[in-house]
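Residues per chain are reported as follows:
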Amino acid sequence: MTKLFYSGLKDGESNVEIKLLVDIQNDWFEITHTKEVSQVMNKSTGEYMIVYRNTLKFEVVS
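This structure is a prediction, so every number in the text was calculated from the model and none was measured.

K.L.:
Can you help me understand the environment of isoleucine 50 in this one?
P.N.:
Among the structural elements, isoleucine 50 can be located in strand E5 (residues 47-52). Look at isoleucine 50 and you get partly exposed, because its relative accessible area is 29%. It is 10 Å that separates the C-alpha atoms of isoleucine 50 and leucine 20, two residues lying 30 residues apart in sequence.

K.L.:
What should I look at first to understand the side chain of threonine 55 in this one?
P.N.:
Relative to the helices and strands, threonine 55 resides in the loop between E5 and strand E6 (57-60). Every residue in contact with threonine 55, bar those within four places of it in the chain, is listed here: Ser7, Gly8 and Leu9.

K.L.:
So what exactly am I meant to see when it comes to the environment of threonine 45 here?
P.N.:
Its place among the elements puts threonine 45 in the loop between strand E4 (37-42) and E5. Threonine 45 gets classed as partly exposed once you look at its relative accessible area, which sits at 43%. Spatially, the C-alpha atoms of threonine 45 and isoleucine 18 are 16 Å apart, while their sequence positions differ by 27 residues. Side-chain polar atoms of threonine 45 contact the backbone nitrogen of glutamate 47, separated by 3.3 Å.

K.L.:
Please explain the nonpolar core as it appears in this structure.
P.N.:
Generally speaking, nonpolar side chains in soluble globular proteins are found buried as a group. By size, the foremost hydrophobic cluster in this structure holds seven residues: Leu4, Tyr6, Leu20, Val22, Val40, Met49 and Val51. Where this core is concerned, the elements lending two or more residues are strand E1 (3-9), strand E2 (17-23) and E5. With sequence-adjacent residues up to four places away left out, valine 51 is seen in contact with Gly8, Leu9, Lys10, Asp11, Ile18, Glu36, Val37, Ser38 and Leu56.

K.L.:
Would you mind showing me how to read the packing of aromatic side chains here?
P.N.:
The final tally for this structure, using the stated rule, is two aromatic pairs. Relative to phenylalanine 29, the ring of tyrosine 6 has its centre 6.4 Å away and its plane inclined at 45 degrees; by these criteria the two rings are tilted. In this pair, tyrosine 6 is assigned in strand E1 and phenylalanine 29 in strand E3 (residues 29-33), connecting sequence segments 23 residues apart. Relative accessible area serves as the criterion here: at 8%, tyrosine 6 is assigned to the buried category. Phenylalanine 29 sits in the partly exposed class, given a relative accessible area of 26%. Taking NZ or CZ as reference, lysine 19 lies 5.2 Å from the ring centre of phenylalanine 5, over its face. When the ring centre of tryptophan 28 is taken as origin, the NZ or CZ atom of lysine 43, which lies over that ring, is 4.6 Å away.

Criteria and thresholds
- Residues numbered from 1 in each chain as written.
- Predicted model: local features only at pLDDT ≥ 70, side-chain atom pairs only at ≥ 80, totals over all residues.
- Heavy atoms only, no water.
- Helix = DSSP H or I, 4+ residues; strand = E, 2+ residues; numbered from the N terminus.
- Buried < 20%, exposed > 50% of the residue type's maximum accessible area, 1.4 Å probe, protein only.
- Contact = heavy atoms within 4.5 Å.
- Polar contact = N/O pair within 3.5 Å; in protein donor to acceptor, adjacent residues only side chain to side chain.
- Core = buried A, V, L, I, M, F, W, Y, C linked by side-chain atoms within 4.5 Å.
- Phe/Tyr/Trp six-rings, centres within 6.5 Å; stacked < 30°, edge-to-face > 60°.
- Lys NZ or Arg CZ within 6 Å of the ring centre and 35° of its normal.

Structure representation (structure tokens):
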């Protein structure tokens, strides 16, 4: 089982980092980008985050 943490600076806030966990084997998720922001949505859990586009990163956690 492989999980990813997506993180970035929250859109509309300064210096607020948020994270979202995605299990890439079991969750249905979607990543979208606009000119200014990126959105990561875990459609299996209904959780999502919107961050400044150039701050989006991911980390493998397992």
